[in-house]
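Listed below are the residues making up each chain.
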Amino acid sequence: MGTVMNAKDQNYHDQQNISNVQKMREVIGTLPPFCKQFFRGISEYTSARTRLAYAYDIRVFFEYLHDNNSYCGQMDIQKFPLTILEQLTREDIEEYIEYLSYYEKDGKVYTNDERGKKRKLAALRSFYNYYFQAELIEKNPAVLVPLPKLHEKEIIRLDADEVAILLDQVEDGTGLTKAQQRFHKVTKTRDVAILTLLLGTGIRVSECVGLDIGDVDFKNNGIKIRRKGGYEAVVYFGEEVENALQDYLDDRHHIIPQSGHEDALFLSLQNRRISVRAVENMVKKYSSTVTSLKKITPHKLRSTYGTSLYRETGDIYLVADVLGHKDVNTTRKHYAALEDERRRYAADKVKLREKHNSDESED
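These numbers were taken from a predicted model, which means no experiment stands behind them. (Residues numbered from 1 in each chain as written. Predicted model: local features only at pLDDT ≥ 70, side-chain atom pairs only at ≥ 80, totals over all residues. Heavy atoms only, no water.)

**Examining the overall build of the chain**
Basically, it comes down to this: Going along the chain from the N terminus, every DSSP run of H or I of four or more residues is numbered as a helix, and every run of E of two or more is numbered as a strand. Here the term buried applies to any residue with accessible area under 20% of the maximum for its type, exposed to any over 50%, and partly exposed to those in between, with areas from a 1.4 Å probe on protein chains only. Note on contacts: a residue pair is in contact if any heavy atoms of the two residues lie within 4.5 Å. Surface accessibility in these figures is a Shrake-Rupley result with a 1.4 Å probe; residues are shielded only by whichever protein chains are displayed.
A count of helices and strands for the chain gives 15 helices and 5 strands. Per-residue burial for the chain yields a buried fraction of 40% across its 363 residues. Here the analysis covers contacts within the chain between residues at least 6 apart in sequence; of these, 58% occur between residues at least 24 apart. Here the chain has roughly 22300 Å² of accessible surface; of this, 47% comes from carbon and sulfur atoms.

**So, the sheet that holds strand β4 (residues 222-226)**
Just so we agree on the cut-off: Should DSSP find at least two bridges between two strands, the strands are taken to pair.
Read across the sheet, 3 strands follow the order β3-β4-β5 without closing on themselves; strand pairing throughout is antiparallel. Edge positions in the sheet fall to β3 (216-217) and β5 (232-236), since each of these pairs with one other strand and no more. Pairing between β4 and β5: 5 bridges, direction antiparallel. Residue pairing in the sheet places I223 in a bridge with V235 of β5.

**A few points about the pattern of salt bridges**
For clarity, the threshold we go by: Definition used for salt bridges: Asp or Glu carboxyl oxygen within 4 Å of a side-chain nitrogen of Lys or Arg.
Considering all chains together, one arrives at 9 salt bridges under this definition. In this structure, D212 and R273 form a salt bridge, with 2.6 Å as the shortest nitrogen-oxygen distance. Placement of the pair is D212 in the loop between α9 (205-209) and β3 and R273 in the loop between α10 (239-252) and α11 (276-288), with a sequence separation of 61 residues. With respect to burial, D212 and R273 carry one shared label: buried. Through salt bridges with shared partners, a single network forms among D57, R119 and K120.

**With respect to unusual backbone geometry**
One non-glycine residue, E135, lies in the positive phi region at around 60°. Of note, the phi angle at N271 is positive, near 60°, even though the residue is not glycine. Take N271: it is sitting in the loop between α10 and α11.

**Thoughts on the packing of helix α1 (residues 12-28) against helix α3 (residues 48-68)**
Let me state the cut-off plainly: Under this scheme, a helix contributes an axis fitted over its contacting stretch, all axes are lines through C-alpha atoms, and angles between N-to-C directions fall in the 0 to 180 degree range. What sets the label is the angle itself: under 35 degrees gives roughly parallel, over 145 gives roughly antiparallel, 65 to 115 gives roughly perpendicular, and the rest give oblique. Crossings are classed by handedness, with left-handed meaning an anticlockwise turn of the near helix from the far one by less than a right angle and right-handed meaning a clockwise turn.
Relative orientation of the contacting elements α1 and α3 amounts to 25°, with a least axis distance of 9 Å. With respect to each other, α1 and α3 are oriented roughly parallel. The interaxial crossing formed by α1 with α3 has left-handed handedness. In contact with N17, N20, V21, K23, M24 and V27 of α1, α3 contributes A48, R49, R51, L52, A55, Y56 and R59.

**Considering the environment of V283**
Turning to its location among the elements, V283 is positioned in helix α11. In this view, V283 contacts L195, I296, T297, P298 and L301; residues no more than four positions away in its chain are not counted.

**Brief notes about the pairing of strand β1 (residues 102-105)**
Across the two faces of β1 the burial differs, with Y103 and K105 buried and Y102 and E104 not buried at all. Relative to strand β2 (residues 108-111), β1 runs antiparallel, the two being bridged by 4 bridges. Of the residues in β2, the one forming a bridge with Y103 is Y110. Joining the antiparallel neighbours β1 and β2 is a turn of 2 residues, in which D106 adopts a positive phi near 50°.

**Quick word on helix α13 (residues 316-323)**
Put simply, the rule is: Pairing of N or O atoms within 3.5 Å defines a polar contact, subject to two protein rules: one partner must be a possible hydrogen donor and the other a possible acceptor, and residues neighboring in sequence count only if both atoms are side-chain atoms.
The complete set of buried residues in α13 reads I316, V319, A320, V322 and L323. The opening residue of α13, the one whose side-chain oxygen lies 3.0 Å from the backbone nitrogen of Y317, is D315. Backbone geometry just after α13 places G324 at a positive phi near 80°.

**Some points on the packing of helix α8 (residues 178-201) against α10**
Short version of the rule: By the convention adopted, Pro, Cys, Tyr, Trp, Phe, Met, Ile, Leu, Val and Ala count as nonpolar, Lys, Arg, Asp and Glu as charged, and the other residues, Gly among them, as polar.
Put simply, α8 and α10 touch, their axes get as near as 8 Å, and they point 150° apart. Here α8 is positioned roughly antiparallel relative to α10, judged by the angle of their axes. Pair α8 / α10 crosses with left-handed handedness. Residues T189, R190, V192, A193, T196, L197 and G200 of α8 pack against E240, V241, A244, L245, D247, Y248 and D251 of α10. Residues belonging to the contact of α8 with α10 are distributed by class as follows: 7 nonpolar, 3 polar and 4 charged.

**Overview of a negative patch on the surface**
Put simply, the rule reads: Grouping into patches uses exposed residues only, defined as over 30% relative accessible area, and leaves out salt-bridged ones; the cut-off is 9 Å for like charges and 5 Å for nonpolar side chains (Val, Leu, Ile, Met, Phe, Trp, Tyr). When charges are tallied, Lys and Arg are placed among the positive residues and Asp and Glu among the negative ones, while His and the ends of the chain are skipped. A charged residue contributes its charge at one atom only: NZ of Lys, CZ of Arg, CG of Asp or CD of Glu.
Together, D168, E171, D172, D247, D250 and D251 make up a negatively charged patch on the protein surface. Those elements that place two or more of their residues in the negative patch are α7 (160-172) and α10. Here D172 shows up in helix α7.

**Some words on the side chain of R273**
Taking the relative accessible area as the measure of exposure, R273 reaches 15% and is therefore buried. Among the polar contacts listed, one links the side chain of R273 to the backbone oxygen of G210, at a separation of 3.4 Å. Not counting chain neighbours up to four residues away, the residues in contact with R273 comprise Y12, V209, G210, L211, D212, H261, A264, F266, L267 and S268.

**Structural notes on the nonpolar core**
So the rule is basically this: For our purposes a nonpolar core is just a set of buried Ala, Val, Leu, Ile, Met, Phe, Trp, Tyr and Cys residues, chained together by side-chain atoms within 4.5 Å.
Core analysis: the biggest nonpolar cluster contains 40 residues, and I194, I203, I223, F266, V279 and L301 have the highest contact counts within it. Listed by contribution, the elements that provide at least two residues to this core are α7, α8, α9, β4, β5, α10 and α11. The element contributing the most residues to this core is α8, with 7 residues. If we skip the residues at most four places from it in the chain, V279 touches I194, L198, V205, V209 and I274. One finds F61, I77, L88 and L124 within the second-largest nonpolar core, a separate group that totals 38 residues.

Next comes the structure, spelled out in structure tokens:
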């Protein structure tokens with residue numbers, strides 16, 4: 001028997017999940033009917049957010065076929081039969097991947113770099129693989145197309161002095177426009193708390209905006225967050241984060257939130273739970289006022305924390321755990337340069353034999 005949940009009982013993560021499910025159903029309604037079986041089949045081991053991303057990517061594929069394949073162009077997408085999948089060849093899939101580099105749709109221009117192409121091909125491979133393993137199709141041309149090789153980008157992190165400069169700017173607001181400074185008077189303690197929390201714990205922006213007041217535990221200096229994949233974890237913070245959160249909560253307790261947002265830790269100027277986009281824009285606003293600062297995004301604040309933690313501890317497994325990486329190899333990839341730096345440092349630390357003083361006289 002299903003569980004009846006009132007809107008008031010739903011936390012931020014429940015609401016996001018329901019929103020993703022609703023959006024996914026809308027997208028699936030624009031796809032061929034046989035697609036429903038695929039999304040039911042993967043529902044046990046994927047999140048609603050992942051399935052929604054798959055749905056968007058697969059829709060791009062079918063729209064491409066409808067617009068560029070003479071056979072598919074003769075019918076509506078919703079009438080495509082399952083057999084259409086095995087009628088396509090490896091070359092058809094390769095042409096689709098090439099198409100993703102640049103295309104126009106409804107007056108908008110879309111581009112995909114290596115990462116975007118890899119994600120869309122991975123979604124298509126999963127899609128094909130499901131029907132192939134279920135023996136509903138006899139050919140799987142998607143598996144014949146290699147995933148694009150990614151060229152790793154240099155990870156941008158803030159140095160210690162740059163972190164101090166950024167936080168000083170958030171506190172002072174001197175580089176802001178006059179209009180921005182008026183808002184800054186109202187949001188300063190909130191903005192300092194958010195930036196200090198991101199830099200002091202390495203949590204994701206989605207994890208930050210999803211925090212409720214009750215998730216903050218000052219007794220143990222920890223916050224309870226919902227990680228990617230839906231599991232809960234506790235991340236601990238230091239004195240600087242504690243002070244910034246306490247200062248903000250002093251202000252937060254005097255704010256009357258809008259209905260449904262009473263539990264939210266961080267509120268927008270409209271007294272609603274702050275959004276991921278708003279935090280991204282906030283970080284961009286402050287970093288742009290400091291000319292010497294690199295182009296900063298919230299994810300780069302996360303990388304900055306991971307770098308600092310690794311340099312202090314040298315424990316790649318601890319960094320992976322704190323950052324919420326399911327696979328330590330993901331962490332290794334991001335911090336490979338630092339690992340090499342530590343290996344070089346270790347080279348001269350083990351002495352095999354003591355050096356003999358050359359001018360010592362022999363007995």
